[in-house]
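A structural walkthrough
Chain by chain, the residues:
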Amino acid sequence: MKRKFAMLSGILSVFAFVLVSCSDDDGETITIDTSVPVGTFQVSREGSLVAESGTPTQGTVQLGVDSQGTNFLRFAENFTTELGTGTVAIYFSTSDTYTADPANGNPDLRLIGNVENNGEMFIRLNGAPEAKFTHVILWCATANIPFGNAELQ
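**Thoughts on the overall build of the protein**
Counting secondary structure elements, the protein contains one helix and nine strands. The secondary structure elements of the protein, listed N-terminal to C-terminal, are α-β-β-β-β-β-β-β-β-β. Classification of the 153 residues of the protein by burial places 35% in the buried group. For the protein, restricting intrachain contacts to residue pairs at least 6 apart in sequence, the fraction spanning at least 24 positions comes to 63%. In the structure as shown, the protein presents an accessible area of about 9,600 Å², 54% of it carried by carbon and sulfur atoms.

Here it is as structure tokens:
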């Protein structure tokens, strides 16, 4: 038993030495936040949120592109909604009404993210949304009710 422990201890010592000796402490680690626009954010469409279901939802929503051609949905600094109920999902929609079709999916709804906090927030999009999407809807899955919507113009 002592022999196995000694052999295992020796192997771990060599492994630890290799890990320590191969580390690169010369370079500085730089973290790039890919959820915020780079350079100028050019707004293409925007709208004001209309509160629904008695929530305090309000603020400006903007669709735009940054200097590198990346598409974003931006919630402005004045954005607020109810956050104590659970997940508030963000959808693009072809109308101001959330209409789910769990069995088949609804081509007129596209989930794009969740509300993380009140205030300014950027959501990076995979390409520009289709022109048919004219609204942003905030939907509370926990309560099964809309929290608000904004028509993008």
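**Brief notes about the packing of aromatic side chains**
Taken as a whole and assessed by the stated rule, the structure comprises six aromatic pairs. Here Phe-72 and Phe-122 contribute two aromatic rings whose centre-to-centre distance is 6.0 Å and whose plane-to-plane angle is 85°, an arrangement assigned as edge-to-face. In this pair, Phe-72 sits in strand β4 (residues 71–75) while Phe-122 sits in strand β7 (residues 121–124), placing the two residues 50 residues apart along the sequence. Judged by relative accessible area, which is 19%, Phe-122 ranks as buried. Ring plane angle 55° and centroid distance 4.7 Å describe the contact between Phe-75 and Phe-79, whose orientation is recorded as tilted.

**Notes on the pattern of salt bridges**
Across all of its chains, the model carries two salt bridges by this definition. Among the ionic pairs, Glu-77 bridges to Arg-74, the shortest N-O distance being 3.0 Å. Glu-77 gets classed as exposed once you look at its relative accessible area, which sits at 55%. For Arg-74, the salt bridge is made with Glu-120, and the minimal N-O distance between the two is 2.8 Å. Of this pair, Arg-74 sits in strand β4 while Glu-120 sits in the loop between β6 (109–114) and β7, and the two are 46 residues apart along the sequence. Given a relative accessible area of 11%, Arg-74 falls into the buried group. Each of the salt bridges in this network shares a partner with another, and the network as a whole consists of Arg-74, Glu-77 and Glu-120.

**Here's the deal with the nonpolar core**
Of all hydrophobic cores here, the largest spans 21 residues; its most connected members are Val-61, Leu-73, Phe-75, Ile-90, Phe-92, Val-136 and Leu-138. Of all the secondary-structure elements, those providing two or more residues to this core are β3 (60–65), β4, β5 (88–93), β7, β8 (135–140) and β9 (145–151). Formed by six residues, the second largest nonpolar core is a distinct cluster that contains Ala-89, Tyr-91, Tyr-98 and Leu-109.

**Quick word on the confidence of the model for the protein**
For the protein, per-residue confidence averages 84 on the pLDDT scale, and residues scoring 70 or more make up 78% of the total. Throughout residues 4–9 the model reports pLDDT below 50, and contacts reaching past four residues in sequence, or to other chains, amount to zero contacts. Throughout residues 11–26 the model reports pLDDT below 50, and contacts reaching past four residues in sequence, or to other chains, amount to zero contacts.

**Some remarks on the sheet that holds β5**
Reading across the sheet, the five strands line up as β2-β9-β8-β5-β6 and stay open at both edges, with antiparallel pairing between neighbours. At either margin of the open sheet sits one strand with a lone partner, and together these are β2 (50–51) and β6.

**Some points on the sheet that holds β3**
One open sheet holds the four strands; their spatial order is β1-β3-β4-β7, and the pairing between them is antiparallel. The sheet is open, and its two edges are formed by β1 (42–48) and β7, each paired on a single side. Geometrically, the sheet is characterised by an average inter-axis angle of 20° between neighbouring strands, direction not taken into account. Taken together, the four bridges between β4 and β7 define a ladder with antiparallel strand orientation. If you follow Phe-75 over to β7, its bridge partner there is Met-121.

Here is what the cut-offs are and how they apply
Residues numbered from 1 in each chain as written. Predicted model: local features only at pLDDT ≥ 70, side-chain atom pairs only at ≥ 80, totals over all residues. Heavy atoms only, no water. Helix = DSSP H or I, 4+ residues; strand = E, 2+ residues; numbered from the N terminus. Buried < 20%, exposed > 50% of the residue type's maximum accessible area, 1.4 Å probe, protein only. Contact = heavy atoms within 4.5 Å. Areas by Shrake-Rupley, 256 points an atom, 1.4 Å probe, with all protein chains shown as cover. Phe/Tyr/Trp six-rings, centres within 6.5 Å; stacked < 30°, edge-to-face > 60°. Salt bridge = Lys/Arg side-chain N within 4 Å of Asp/Glu carboxyl O. Core = buried A, V, L, I, M, F, W, Y, C linked by side-chain atoms within 4.5 Å. pLDDT = per-residue confidence, 0-100. Pairing = 2+ DSSP bridges. Axes fitted to C-alpha atoms, helices over the stretch in contact; angles between N-to-C directions.

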